Amino acid sequence: DVKVTQSSRYLVKRTGEKVFLECVQDMDHENMFWYRQDPGLGLRLIYFSYDVKMKEKGDIPEGYSVSREKKERFSLILESASTNQTSMYLCASRWTVNTEAFFGQGTRLTVV
Amino acid sequence: TQLLEQSPQFLSIQEGENLTVYCNSSSVFSSLQWYRQEPGEGPVLLVTVVTGGEVKKLKRLTFQFGDARKDSSLHITAAQPGDTGLYLCAGDPANSGYALNFGKGTSLLVTP
């Protein structure tokens, strides 16, 4: 069974902390993505990566960075967490355009 | 980012009723996809439509891609409580990268 796995389902962090969200896929996909999902705003793209060590900014990259050292792993980093980063974070991977995107189960992050 | 406008945002109906969800854009997409998301989980693909005018059926769900590849619809016949969830349309912009653009979603509640 193909799988995208996010390291945590729930996280509570304090304002100003550095936060790491990890995502691993087992499908050998080149393309991986980080979205955040907020009520009424849908899924918004933060960053994506099309190859190891390659990354591109999405629509809302401010306050975030990413790391892709290995093909199967894509990490999202909140450099200094703020309360407006409280959200559901979804990782996804896909083979290429017009193909299915496989999502992890999501990480619900609360910043207090 | 090329916007996808989804309507309605919320839909509450009784079991056995029919419904249609719309996904519209002013931009051309090489494909449109529909995903369904349960609470606390990541979205799961229902269908991909690629050809303008294409119609696909998945049991009681009918998906249509507009002739100009700018819009899509999802029609559910005789809705059941198990259809309850968040329905998301997503598109691959023509001549663009690998990241899907998502609509804001339609939250469907089907009551017995």
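Everything discussed here concerns the structure shown above.
Residues numbered from 1 in each chain as written. Chains lettered and ligands numbered in written order. Predicted model: local features only at pLDDT ≥ 70, side-chain atom pairs only at ≥ 80, totals over all residues. Heavy atoms only, no water.

1. Some words on the sheet that holds strand β3 (residues 19-24) of chain B
Residue and element names in this part refer to chain B. What counts, and what does not: Think of it this way: DSSP has to see at least two bridges between two strands before they count as a pair. A run of DSSP states H or I qualifies as a helix once it reaches four residues; a run of E qualifies as a strand once it reaches two. Both are numbered from the N-terminal end. Orientation is described by axes fitted as lines to C-alpha atoms, over the contacting stretch for helices, and by angles from 0 to 180 degrees between their N-to-C directions.
The sheet built from 5 strands is open, its strands ordered β1-β3-β8-β7-β6 with antiparallel pairing. Only two strands of the sheet have a single neighbouring strand rather than two, namely β1 (5-7) and β6 (55-58). Between one strand axis and the next, the sheet turns through 15° on average, direction left out of account. Here 5 bridges tie strand β7 (residues 61-65) to strand β8 (residues 71-76), and the two strands are oriented antiparallel to one another. Opposite glutamine 64, over in β8, you have serine 73 as the bridge partner.

2. Describing the nonpolar core
What counts here: In plain words, nonpolar cores are sets of buried Ala, Val, Leu, Ile, Met, Phe, Trp, Tyr and Cys residues tied together by side-chain atoms within 4.5 Å. A simple rule labels every residue: compare its accessible area, found with a 1.4 Å probe on the protein chains alone, to the largest value its type can have, and call it buried under 20%, exposed over 50%, or partly exposed in between.
In terms of nonpolar packing, the biggest core is built from 21 residues, with Trp34, Ile46, Leu76 and Tyr89 of chain A touching the most fellow members. Counting residues in hydrophobic clusters, the runner-up holds 20 residues, among them Ile13, Cys23, Cys89 and Val110 of chain B.

3. Things to note about the state of the cysteines
All names here are of chain A. For clarity, the threshold we go by: The disulfide criterion is simple: two cysteine sulfur atoms within 2.5 Å.
Summed over the entire model, instances satisfying the criterion amount to 2 disulfides over all chains. Covalent S-S linkage joins cysteine 23 and cysteine 91, the inter-sulfur distance amounting to 1.9 Å. Taking the torsion about the S-S bond as the criterion, the cysteine 23 to cysteine 91 disulfide, at about -75°, is left-handed. Separated by 68 residues along the polypeptide, cysteine 23 in strand β3 (residues 19-25) and cysteine 91 in strand β9 (residues 87-94) bring together distant segments of the chain. With respect to class, cysteine 23 is no different from cysteine 91; both count as buried.

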